[in-house]
Each structure stands twice: as structure tokens, then as C-alpha cells.
Amino acid sequence: MNAFFYPLGIASAGNLIVATAIFLILPGPGTFCILTSASRHGLRGGLSSVIGVMMGDAVLMFLAAIGVAALLHANLVLFKGLQYIGAVYLAWLGYKLFRAKGKGEGASASINVNNSGGVRAVSSTLVDWRRGFFVTLINPKAIIFYMAFFPLFIDPVTQRGSITFLTMGVIISSCTLIYGSLLVLAGNAVAKHMARHRLLAQLASKAAGIFLIGFGIKLTTS
């Protein structure tokens, strides 16, 4: 594998995949958003959130490629500002989850076949996509990953500019798609079980909200 990707400017594709897998597996807001979207709105919501996460990653990779990531790394004040923005957004998402009454939004959106039901389904899909996109875009852990590790896998001698960055982007996005799809399947299975236990679903939603609020507070103190 490494022999194939080395001429494209990637020093170690195997290490890149391992580093990406570790980054994805570590519990974080992106993982939690995918699980939440899948549990609330089924496979459609979960996959929408995965696509949002992937598009957020694409934006961060583009910023890293043009040098903005290096600027953020050098400007501590700007980086801390992004941390606080991320913390506020995550806390807001957590508050909404904590206040949710668990009325089975996903089920109603998928069962209704009239026009209003279709509108609600599209609306929930956009919400799930937006959540995944913005949580990834303002997640300091993701920004740090692309600032600190992304350049380490580029060989300065064999790198081919945009081709190298594009290839690395495809590798990372593929890892995200595979892992995100597994999360969606798991989240959807959990949702089917919780649909028969409304109290359990409400408690899980509140626990998710507390987790996100706590994660946001942690970002402001780290």
C-alpha cells in the first residue's frame, strides 16, 4: 500500500489510515451527533449526519492545504476564539437534546406519506446534515488533527501539490464513511429498541444533552 501511495507524495498511507481510525474511534461530538441523528431519524438522518461530518472534514482539509491551519496554530487568540465558539455551539445542541420530550420525530417523519410529512422528513435531514457539518467544522479536536498531523504524512520530496492533498482527502473520507456507516447501523438498532421504551428514550436524550453540555464546558477550560 505504501509503495502505491508514496509516488503521490504520501509518506505512509498505512500510518495515515491508522491515525485517522484512532481519531474517529476516540469519543467526540462528531461520533455522538451521528449516533443521535441515527437514533432520532433512522438511517436517513444518520447518513445525513455522516455526510455533514465528511463535508466538514473536507473544508478543514482545504483550509490546511492553503495554509490557514498553520495560521490558526500560530495565533493562539484566534484558536481560543474558535474553541469558545465550538463550546457554545455544543452546549446549545446539548440543551436542545436535554429539553427534547422524545415524541418520536424520526418515526413520524418516515411513516407519513403526505406532503407535510415529506417536508418534515426533508427538514429533519437538513438539520442532521447541518449538525454534523458544523460540529465537525468547529470541533477543536478536528482542527488540531489537521493542523498537527495532516502535514506529517506528506513527503516534501515526492509531494505533488493538490494531487497529494486530494488523495489524502479521499483516504480520510473513506475511513469516515466506513466508520460513520457502522455508527448509523448501531444507532438505528438502538433506536428501534428504545422506541418501545419511551422513558428510556427520554433518559437517553437527556444523557446525550448533558454529555454535550459537559463537553462544551470542558473545551472552555482546556
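Looking at an unreviewed UniProt entry, the chain carries the name Threonine/homoserine/homoserine lactone efflux protein, with the source organism given as Glaciimonas immobilis. Quoted verbatim from the Subcellular location (unreviewed entry) heading of the UniProt record, the comment on the chain is "Cell membrane". Per UniProt, the comment on the chain under Sequence similarities (unreviewed entry) is "Belongs to the Rht family."

One number sums up the size of the second largest pocket: a volume of about 280 Å³. Along the walls of the second largest pocket sit 18 residues, with R40, L93, K96, V127 and R131 positioned nearest its centre. Within the residue set of the lining of the second largest pocket, elements represented by two or more residues are α3 (29–65), α5 (76–99) and α7 (115–137). In terms of residue class, the lining of the second largest pocket is built from nine nonpolar, three polar and six charged.

As a general rule, the predicted coordinates of low-pLDDT regions are not to be interpreted in detail. Confidence in the prediction of the chain, expressed as mean pLDDT, is 74, and 70% of residues score 70 or more. For the chain, per-element mean pLDDT is lowest for helix α6 (residues 105–111), which scores 34, and highest for α3, which scores 86. In this model residues 103–119 is a low-confidence stretch, pLDDT under 50, and it forms 10 contacts with partners more than four residues away in sequence or in other chains.

Applying the stated criterion across every chain, the model contains two aromatic pairs. For the pair W129 and F133, a centre-to-centre distance of 5.2 Å together with 10° between the ring planes defines the contact as stacked. On the criterion of helical spacing, the pair formed by W129 and F133 is a turn pair, its members being four residues apart in helix α7. Taking the centre distance of 5.1 Å and the plane angle of 80° together, the rings of F133 and F134 count as edge-to-face. The exposure class of F133 is buried, given its relative accessible area of 13%. Look at F134 and you get partly exposed, because its relative accessible area is 34%. In this structure an aromatic cluster arises from ring pairing among W129, F133 and F134.

Below, the discussion takes up the nonpolar core. F5, I10, L16, Y146, M168 and I171 are the most contacted members of the largest nonpolar core, which totals 20 residues. Put simply, the parts of the chain that give this core at least two residues each are α2 (13–25), α3, α8 (140–148) and α9 (162–194). Sort the elements by how many residues they give to this core and α2 lands first, with five residues. With nine residues, the next largest nonpolar core counts L90, L93, A208 and L212 among its residues.

What counts and how
Residues numbered from 1 in each chain as written. Predicted model: local features only at pLDDT ≥ 70, side-chain atom pairs only at ≥ 80, totals over all residues. Heavy atoms only, no water. UniProt positions renumbered as here; feature names shortened; annotations may be inferred. 1 Å grid on protein atoms, 1.4 Å probe; cavity = no way out; pocket = protein on both sides within 12 Å on 5 of 7 lines; lining within 4 Å. Points joined across faces, edges and corners; volume = space filled by probe spheres on them. Helix = DSSP H or I, 4+ residues; strand = E, 2+ residues; numbered from the N terminus. Nonpolar A, V, L, I, M, F, W, Y, C, P; charged D, E, K, R; others polar. pLDDT = per-residue confidence, 0-100. Contact = heavy atoms within 4.5 Å. Phe/Tyr/Trp six-rings, centres within 6.5 Å; stacked < 30°, edge-to-face > 60°. Buried < 20%, exposed > 50% of the residue type's maximum accessible area, 1.4 Å probe, protein only. Core = buried A, V, L, I, M, F, W, Y, C linked by side-chain atoms within 4.5 Å.

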